[in-house]
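Chain residues, written in single-letter form:
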Amino acid sequence: VALRATQQSALPLAASVIAFATNTFLNWVFIFGKLGAPALGVEGAALATAIARLLEMLIILFEVFVLKNKIAGHFREFFSYSKELAARIIRNALPTTANETLWGIGTSMYVAAFARIGISEGAAVQACNTINNMFALAAFSIGDAVLILVGQKLGEGKTHEACSFLSLTVLVNLAVMAIMMTLL
């Protein structure tokens, strides 16, 4: 997240691509027992994923701390904080945490209610949720990108440009909403 927020998205992307390729290869090796490895099935998939994620983390840690990326710092800098900072983070995080918790509970209840009506109805809701999730991910991705750009523009004192980004985001999300409503 820190790399993306500092406009260094190439490294996390490259690390993710390497991890994905490693995971795919190791799944083939460990699930099916190729190259002399035992066939482990589901446990092999878990092992492959753990190894690939560890590799991804090591690549990023190497870039940040060994090659001295601009977000690198001393270990204690990452874990030292003042009471004021902790209080500010908690104060800002509580409403979002409550919102996401209630959203998750509501979504689960919604799916459970339709599943009780019938199998076809539950399947229909799941199909709609898949389409909805594609659009939601697109909207959240746009929001994350704009969040970084708006923060950057506000930091530069360019309030007008920040407002322009926000206005454009509202228009794009309205268009996405219209397309989603048409498909559902």
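Note that the structure is a prediction, hence the values are computed from the model and not measured. (Residues numbered from 1 in each chain as written. Predicted model: local features only at pLDDT ≥ 70, side-chain atom pairs only at ≥ 80, totals over all residues. Heavy atoms only, no water.)

Asker: Go over the overall build of the chain with me, naming the residues and quoting the values.
Answerer: Across its full length, the chain carries seven helices and zero strands. Shown N-terminal to C-terminal, the secondary structure of the chain runs as helices and strands in the order α-α-α-α-α-α-α. The C-alpha atoms of the chain give a radius of gyration of 22 Å, which is well past the 16 Å a tight globule of 184 residues would have. The C-alpha extent of the chain, read off along each of the three principal axes, is 60 × 55 × 35 Å. Counting across all 184 residues of the chain, residues that qualify as buried make up 17%. (Helix = DSSP H or I, 4+ residues; strand = E, 2+ residues; numbered from the N terminus. Rg over C-alpha atoms; globule rule 2.2 N^0.38 Å. Buried < 20%, exposed > 50% of the residue type's maximum accessible area, 1.4 Å probe, protein only.)

Asker: Kindly report on the nonpolar core, identifying the contributing residues and their values.
Answerer: Residues Leu26, Val29, Phe30, Ala37 and Ala48 constitute the largest nonpolar core, which totals five residues. Looking at which element gives the most residues to this core, the answer is helix 2 (residues 10–32), with three residues. Other than its neighbours up to four places away in sequence, Ala48 contacts Asn23, Leu26, Asn27 and Phe30. (Core = buried A, V, L, I, M, F, W, Y, C linked by side-chain atoms within 4.5 Å. Contact = heavy atoms within 4.5 Å.)

Asker: I'd love a proper account of a nonpolar patch on the surface, names of residues and values included.
Answerer: Nonpolar side chains collect at one region of the surface, where Leu54, Met57, Leu58, Leu61, Phe65, Phe75, Phe78 and Phe79 lie side by side and expose about 830 Å² of accessible area between them. Those elements giving two or more residues to the nonpolar patch turn out to be helix 3 (42–66) and helix 4 (75–79). No other element matches helix 3, which puts five residues into the nonpolar patch. Tracing the chain through its elements places Phe78 in helix 4. (Patch = residues over 30% accessible without salt bridge, like charges linked within 9 Å, V, L, I, M, F, W, Y side chains within 5 Å. Areas by Shrake-Rupley, 256 points an atom, 1.4 Å probe, with all protein chains shown as cover. Salt bridge = Lys/Arg side-chain N within 4 Å of Asp/Glu carboxyl O.)

Asker: Tell me about the environment of Met57, and please be specific about residues and values.
Answerer: With respect to the secondary-structure elements, Met57 resides in helix 3. Classification of Met57 as partly exposed rests on a relative accessible area of 42%. When the C-alpha atoms of Met57 and Ser16 are compared, they prove to be 9.4 Å apart, with 41 residues separating the residues in sequence.

Asker: Quick one: what's the story with the pattern of salt bridges, residue by residue and with numbers?
Answerer: Scanning the model with the defined rule gives four salt bridges in all. Lys153 serves as the salt-bridge partner of Glu156, at 3.5 Å between the closest nitrogen and oxygen. One salt bridge in this structure joins Glu161 and Lys153, with 3.3 Å as the shortest N-O distance. Of the residues examined, Glu161 reaches a relative accessible area of 33% and is grouped as partly exposed. Residue Lys153 is classed as buried on the basis of its relative accessible area of 15%. Residues participating in the shared-partner salt-bridge network are Lys153, Glu156, Lys158 and Glu161.

Asker: Which residues make up the packing of aromatic side chains, and what values do they have?
Answerer: Counting across every chain of the model gives two aromatic pairs. Pairing Phe25 with Trp28 gives two aromatic rings, centres 5.9 Å apart and planes at 40°, and the pair type is tilted. Of this pair, Phe25 and Trp28 both sit in helix 2, three residues apart, roughly one helical turn. Of the residues examined, Phe25 reaches a relative accessible area of 44% and is grouped as partly exposed. Arranged with centres 5.1 Å apart and planes meeting at 70°, the rings of Tyr110 and Phe114 form a pair that is edge-to-face. (Phe/Tyr/Trp six-rings, centres within 6.5 Å; stacked < 30°, edge-to-face > 60°.)

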